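One letter stands for each residue in the lines below.
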Amino acid sequence: MTERWAQGEPDELGLLYIDGHVSTYTGRKHRLPKTFVQKRRQCQPAATDTWVHNGAAEPLFFVTSPINTHLLSMIDQEVIPEARRQIGAQRRLTLVFDREAWSPQSFQRWHTLGVDVITYRKGQQQPWEAQDFQAVTLERDGKAVTYWLAERSVQVIPASKKTPAFWMREIRRLSHTGHQSAILTTRQDLPAEVIAERMFARWRQENFFKYMQAEFNIDHLSTYATEAADPERMVPNPERRRLQKALSAKQAQLGRAHVRQAAQQRDAASTAKQVQEAALIKRLEADCDQLAEHIKTLDKRVPLKTVMEAEQIVQHETERKTITQLIKVVAYRSERCLASLLEPFFARHDDEVHAFLKAVFQLPGDILPDHERQELRVRLYGLANHRSQQALVALCECLNTQQVVYPGIELQLVFEVIQSH
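None of the values given here were measured: they were computed from a predicted structure.

(A) Region of interest: the overall build of the chain. A tally of regular secondary structure across the chain gives 10 helices and 18 strands. Seen through its C-alpha atoms, the chain measures out along the principal axes to roughly 110 × 60 × 45 Å. The buried share among the 421 residues of the chain stands at 42%. Residue pairs in contact within the chain that sit at least 24 positions apart in sequence constitute 61% of those at least 6 positions apart. Split by element, the accessible area of the chain, about 25,000 Å² in all, is 51% carbon and sulfur.

And the structure:
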């Protein structure tokens, strides 16, 4: 499907929007990898899907990571190779994502490979002077939008003896509240307002997730089944983590002991108490040194098979989930295609057309095969509203011009509407 969509929309492939979406696992039988779930503000068993949308914000493909691989790694290992396979090795590619994949070293490496980035700058920065910003007006969704923008070149990687410095364009937008949104990009050929518009258009992905959850139940858990995971996957060493926790507790005790010793010296406490406190401090310092030395001998990460039994190393099944998600994406893109055909019939296109299509999808009708004429006639019972009825008739006429053949029976689909009275 990705290849078909890419071939049908080649002009939209040079710009790709990337974002992760978390699907939680609510089963209790297995211990699955956890990740932070933003809408619940806690860590839960879940799998992360990395979604890639084209320049028109239409879904292109998604990659499921049952072990919640970091977005930066997913871009390196999955997104860029698949994008290159679709658009070719020579065409430059621009990726748009949020701060989660912030990595100046990766930006520099990608730039040499013909991959540009547009992203928000991570961390707090000194605000620029208000007089540096200029008003720029552009058109978005048929409406005039004014941005207050300023631009500078910034060094994100300093020069070293072996490598030169790496510079990027920083474009800031000044909001009416005085907040400054900092955008960094390696694109040098586009005007600042175009860079800003493409960055802020990333919210169309968030709208996609919201709509898919409301209308297609994208977070629905299709199965509780699990499959074997990679036993060689490296995970944080639990023994090292346990000892670090014990070291922190000892250091806290040592700090409190120093506070008590200072208070005893200030208040001229008895010699016996001071000697006792000094002995405690000496013992705690020895314990801390011993724990610190032991921690240094342990690996930070170890293979998963060394900390879990083989039958416990599982992950959420991906095949069934991938199939159901793909069906939902195809349905979404089909709905979007129908919505674009109906745009002339509705003044408030975004609000009305989807409600109209939902009503159409629920219409009663008849399916009448006609083998003599090689047709599969789909007869829909019309809508009561005259404007909606006219839109439905026009939609059927448009679909009939495509001469679609129903797979398996080789009959051409013909849509018609029974006029309501």
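(B) How the structure looks around the nonpolar core. Core analysis: the largest hydrophobic core is formed by 40 residues, its most contacted members being Ile18, Ile75, Leu95, Phe97 and Trp110. Here this core gets 8 residues from one element, more than from any other, and that element is helix H2 (residues 71–87). In contact with phenylalanine 97, other than residues within four places in its own chain, are Ile18, Ile75, Phe107, Trp110, Val117, Ile118, Thr119, Tyr120, Met199 and Arg202. In terms of nonpolar packing, the next biggest core, distinct from the first, is built from 21 residues, Leu380, Leu383, Val393 and Leu395 among them.

(C) Structural context of unusual backbone geometry. With a phi close to 50 degrees, asparagine 217 is a non-glycine residue in the positive phi region. The class of asparagine 217 is partly exposed, set by a relative accessible area of 36%.

(D) How the structure looks around empty space enclosed by the protein. Using the criterion set out here, one finds 2 cavities of 30 Å³ or more in the structure. When its volume is computed, the largest cavity comes out at roughly 90 Å³. As for the largest cavity, its lining consists of Ser23, Thr24, Tyr25, Ile218, His220, Leu221, Ser222, His316, Lys321, Thr324, Gln325 and Lys328. Listing elements by their share of the lining of the largest cavity, those giving two or more residues are strand S1 (15–24) and helix H8 (319–342). It is H8 that provides the largest number of residues to the lining of the largest cavity, a total of 4 residues.

(E) Just the packing of helix H5 (residues 203–216) against H8, in detail. Their axes nearest at 12 Å, the elements H5 and H8 cross at an angle of 105 degrees. Comparing the axis directions of H5 and H8 gives the class roughly perpendicular. On H8, the residues touching Phe208, Tyr211, Met212 and Phe216 of H5 are Lys328, Val329, Ala331, Tyr332 and Glu335. Classifying every residue of the contact of H5 with H8 gives 7 nonpolar, no polar and 2 charged.

(F) Examining the packing of H8 against helix H10 (residues 386–400) more closely. Here H8 crosses H10 at 115 degrees, and the two axes come no closer than 10 Å. Relative to H10, H8 is oriented so that their crossing is right-handed. In this structure, H8 uses Leu338, Leu341 and Leu342 to contact H10, whose residues at the interface are Ala391, Leu395, Cys398 and Leu399. In terms of residue class, the contact of H8 with H10 is made up of 7 nonpolar, no polar and no charged.

(G) Structural detail: helix H3 (residues 104–112). Taken together, the buried positions of H3 are Pro104, Ser106, Phe107 and Trp110. Seen from one end, H3 has its buried residues packed into an arc of 155 degrees, which puts them on one side. Seen from the open side of H3, the exposed residues pointing more than 90 degrees away from its buried face are Gln105 and Thr112. Each element contacted by the buried residues of H3 is listed here: H2, strand S5 (93–97), strand S6 (115–120), strand S8 (143–157) and strand S9 (166–174). Residue glycine 114 follows H3 closely and has a positive phi angle near 85 degrees.

(H) Just the sheet that holds strand S18 (residues 411–418), in detail. What the 4 strands build is an open sheet, ordered S15-S16-S18-S17; its pairing is mixed. The two strands at the open ends of the sheet, each matched to only one other strand, are strand S15 (365–370) and strand S17 (405–406). Pairing geometry for strand S16 (residues 375–381) and S18, over 7 bridges, is parallel. Paired with arginine 379 across the two strands is glutamate 416, which belongs to S18. Running at roughly 165 degrees to S18, H10 makes contact with S16 and S18 of the sheet.

(I) Looking closely at the pattern of salt bridges. As enumerated under the stated definition, the model contains 24 salt bridges in all. Across the pair aspartate 116 and arginine 92 runs a salt bridge whose closest N-O atoms are separated by 3.0 Å. Taken together, the positions of aspartate 116 in strand S6 and arginine 92 in the loop between H2 and S5 put the pair 24 residues apart, joining distant regions of the chain. Note on aspartate 116: relative accessible area 3%, which makes it buried. With a closest N to O distance of 2.6 Å, arginine 242 and glutamate 239 form a salt bridge. Pair noted here: arginine 242 and glutamate 239 are both in helix H6 (residues 238–266), with a separation of 3 residues, about one helical turn. In this structure glutamate 239 comes out as partly exposed when scored by relative accessible area, which is 32%.

(J) Here's a closer look at the pairing of strand S10 (residues 180–185). With 6 of 6 residues buried, S10 is to be regarded as a mostly interior element. The two faces of S10 match: Gln180, Ala182 and Leu184 on one face and Ser181, Ile183 and Thr185 on the other face are all buried. Pairing of S6 with S10 involves 3 bridges; the strand directions are antiparallel. Looking across to S10, one finds that isoleucine 118 is bridged to threonine 185. Note that S9 and S10 share 6 bridges and pair antiparallel. Bridging from a neighbouring strand, leucine 174 pairs with glutamine 180 of S10. Linking S9 to S10, which pair antiparallel, is a turn of 5 residues; within it glycine 178 sits at a positive phi near 95 degrees.

What counts, and where the lines are drawn
- Residues numbered from 1 in each chain as written.
- Predicted model: local features only at pLDDT ≥ 70, side-chain atom pairs only at ≥ 80, totals over all residues.
- Heavy atoms only, no water.
- Helix = DSSP H or I, 4+ residues; strand = E, 2+ residues; numbered from the N terminus.
- Buried < 20%, exposed > 50% of the residue type's maximum accessible area, 1.4 Å probe, protein only.
- Contact = heavy atoms within 4.5 Å.
- Areas by Shrake-Rupley, 256 points an atom, 1.4 Å probe, with all protein chains shown as cover.
- Core = buried A, V, L, I, M, F, W, Y, C linked by side-chain atoms within 4.5 Å.
- 1 Å grid on protein atoms, 1.4 Å probe; cavity = no way out; pocket = protein on both sides within 12 Å on 5 of 7 lines; lining within 4 Å.
- Points joined across faces, edges and corners; volume = space filled by probe spheres on them.
- Axes fitted to C-alpha atoms, helices over the stretch in contact; angles between N-to-C directions.
- Parallel < 35°, antiparallel > 145°, perpendicular 65-115°, else oblique.
- Nonpolar A, V, L, I, M, F, W, Y, C, P; charged D, E, K, R; others polar.
- Left-handed = near helix turned anticlockwise from the far one by under 90°.
- Arc of directions from axis to C-beta.
- Pairing = 2+ DSSP bridges.
- Salt bridge = Lys/Arg side-chain N within 4 Å of Asp/Glu carboxyl O.

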